[in-house]
Amino acid sequence: RMAMMRNLLAPYEQRPWAQTNWILVRLWRGCGFGYRYTRLPHLLKTKPEDANLPSLQKPCPSLLLQRHMAELLSQDKDMAAMFLNSVLNQLNWAFSEFIGMIQEIQQAAERPERNFVDTRQLKVCATCFDLSVSLLRVLEMTITLVPEIFLDWTRPSAELLLRRLAQLLNQVLNRVTAERNLFDRVVNLRLPGLESVDHYPILVAVTGILVRILVDSDKQGISRAASVLLSDPCFQLRSIQYLLGEGDAGAASATANTSLCMH
């Protein structure tokens, strides 16, 4: 079991990292913030998709393998830093690709001639979104099991990892929470193939990480995390307000599920 976990935690570069990440997500699903569903809440009334999809697997977390993961990451600081940097790199890539694709989809869908959007493009776009969510969930699992990787600044890589994490969280929040933005417009198009692309899955994953570092940490950890998050140039208070369901009626309605989970 330890050997398997060590292989799963090897840096993601130059290997089939997406499949590895799905395995790690399976170990966590059922423990994460707002992560005890089989189907996404907004899809409950629709016809089920392929039940073999990773996103439709029933929650069945492994506390034993989570303990092995925590032990390995706590003991091997170099491996922990390389693993987390690779996860952050892939998250940056997957979310950037997703944003680029929804820009193209939105432009095609809103042209007067209503050009047909290639179904393959929609599938790749949805996959990049699902990968972004799953990478965020692995970060949530890691920071829950081994918070010192980010918050214990006696570890050489901790401060840099926390700053990278804050930067990515702020970028995701800014893209997803801006009112009537690109993300909103594409979600509201309700295109076949993009059913999984919605505010709920990505916002609850981000919220799980924020709760862990800003609420469920010790005083010093909360202070460090808040300082880094607020000092990041991309930080916008309105994104946190949106996440909490505050602001105008539109924002409150769009994040009702998230705010209910948080309360």
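Residues numbered from 1 in each chain as written. Predicted model: local features only at pLDDT ≥ 70, side-chain atom pairs only at ≥ 80, totals over all residues. Heavy atoms only, no water.

This paragraph deals with the overall build of the chain. Secondary structure summary: the chain contains 13 helices and zero strands in total. Listing every helix and strand of the chain by position from the N terminus yields α-α-α-α-α-α-α-α-α-α-α-α-α. Here the chain holds 263 residues, and the buried ones make up 50% of them. Taking all contacts inside the chain whose residues are at least 6 apart in sequence as the whole, residues at least 24 apart take part in 73%. Carbon and sulfur atoms provide 55% of the accessible area of the chain, an area that totals close to 12,800 Å². (Helix = DSSP H or I, 4+ residues; strand = E, 2+ residues; numbered from the N terminus. Buried < 20%, exposed > 50% of the residue type's maximum accessible area, 1.4 Å probe, protein only. Contact = heavy atoms within 4.5 Å. Areas by Shrake-Rupley, 256 points an atom, 1.4 Å probe, with all protein chains shown as cover.)

What follows concerns the packing of aromatic side chains. Tallied over the full model, the rule gives nine aromatic pairs. A centroid spacing of 5.7 Å and a plane angle of 85 degrees characterise the contact between Tyr12 and Phe83, whose relative ring orientation is edge-to-face. In this pair, Tyr12 sits in the loop between α1 (2–8) and α2 (17–28) while Phe83 sits in helix α4 (residues 77–109), placing the two residues 71 residues apart along the sequence. Here the aromatic residues Tyr12, Trp17, Phe83 and Trp93 are joined through ring pairs into a cluster of three or more. Between the NZ or CZ atom of Arg137 and the centre of the ring of Tyr35, over which it lies, the distance is 3.9 Å. (Phe/Tyr/Trp six-rings, centres within 6.5 Å; stacked < 30°, edge-to-face > 60°. Lys NZ or Arg CZ within 6 Å of the ring centre and 35° of its normal.)

On to the environment of His199, then. Within the element layout of this structure, His199 appears in helix α9 (residues 199–214). In this structure the C-alpha to C-alpha distance between His199 and His42, which are 157 residues apart in sequence, comes to 9.8 Å.

Right, let's talk about the side chain of Ser217 for a bit. The residue Ser217 is located in the loop between α9 and α10 (219–231) in this model. Not counting residues within four places of it along the chain, the set of residues in contact with Ser217 comprises Leu151, Arg212 and Ile222.

Counting 85 residues, the largest nonpolar core has Leu24, Phe83, Phe98 and Phe150 as the members making the most contacts within it. Per element, the largest residue contribution to this core is 15 residues, and it comes from α4. Those residues in contact with Phe83 that lie beyond four places of it in its chain are Leu8, Leu9, Ala10, Tyr12, Leu24, Met69, Leu73, Val138 and Thr142. (Core = buried A, V, L, I, M, F, W, Y, C linked by side-chain atoms within 4.5 Å.)

Put simply, helix α7 (residues 158–177) and α9 touch, their axes get as near as 11 Å, and they point 150 degrees apart. As the angle between them shows, α7 and α9 are arranged roughly antiparallel. For the pair α7 and α9, the crossing hand works out as left-handed. Residues Leu165, Leu169, Val172, Leu173, Val176 and Thr177 of α7 lie in contact with α9, whose contacting residues are His199, Ile202, Leu203, Val206, Ile209 and Leu210. (Axes fitted to C-alpha atoms, helices over the stretch in contact; angles between N-to-C directions. Parallel < 35°, antiparallel > 145°, perpendicular 65-115°, else oblique. Left-handed = near helix turned anticlockwise from the far one by under 90°.)

Moving on to the confidence of the model for the chain. Interpreting fine coordinate detail is not advised for predicted regions of low pLDDT. Residue-level pLDDT values for the chain average 86, and 87% of them are 70 or greater. Scored below 50 in pLDDT, residues 249–263 makes 27 contacts in the model with residues more than four places away or belonging to other chains. (pLDDT = per-residue confidence, 0-100.)

Considering all chains together, one arrives at four salt bridges under this definition. Between Asp76 and Arg6 there is a salt bridge; the shortest N-O distance is 3.7 Å. Here the residue Asp76 occupies a position in the loop between α3 (63–75) and α4, and Arg6 occupies one in helix α1, the gap between them amounting to 70 residues. Between Arg163 and Glu159 there is a salt bridge; the shortest N-O distance is 3.0 Å. Within this pair, Arg163 and its partner Glu159 are both found in helix α7, separated by four residues, close to a single helical turn. (Salt bridge = Lys/Arg side-chain N within 4 Å of Asp/Glu carboxyl O.)

Turning our eyes to something else, we now look at the side chain of Asp198. Position of Asp198 relative to the elements: it lies in the loop between α8 (182–189) and α9. Within the structure, Asp198 has its side chain in polar contact with the backbone nitrogen of Tyr200 (distance 3.4 Å). (Polar contact = N/O pair within 3.5 Å; in protein donor to acceptor, adjacent residues only side chain to side chain.)

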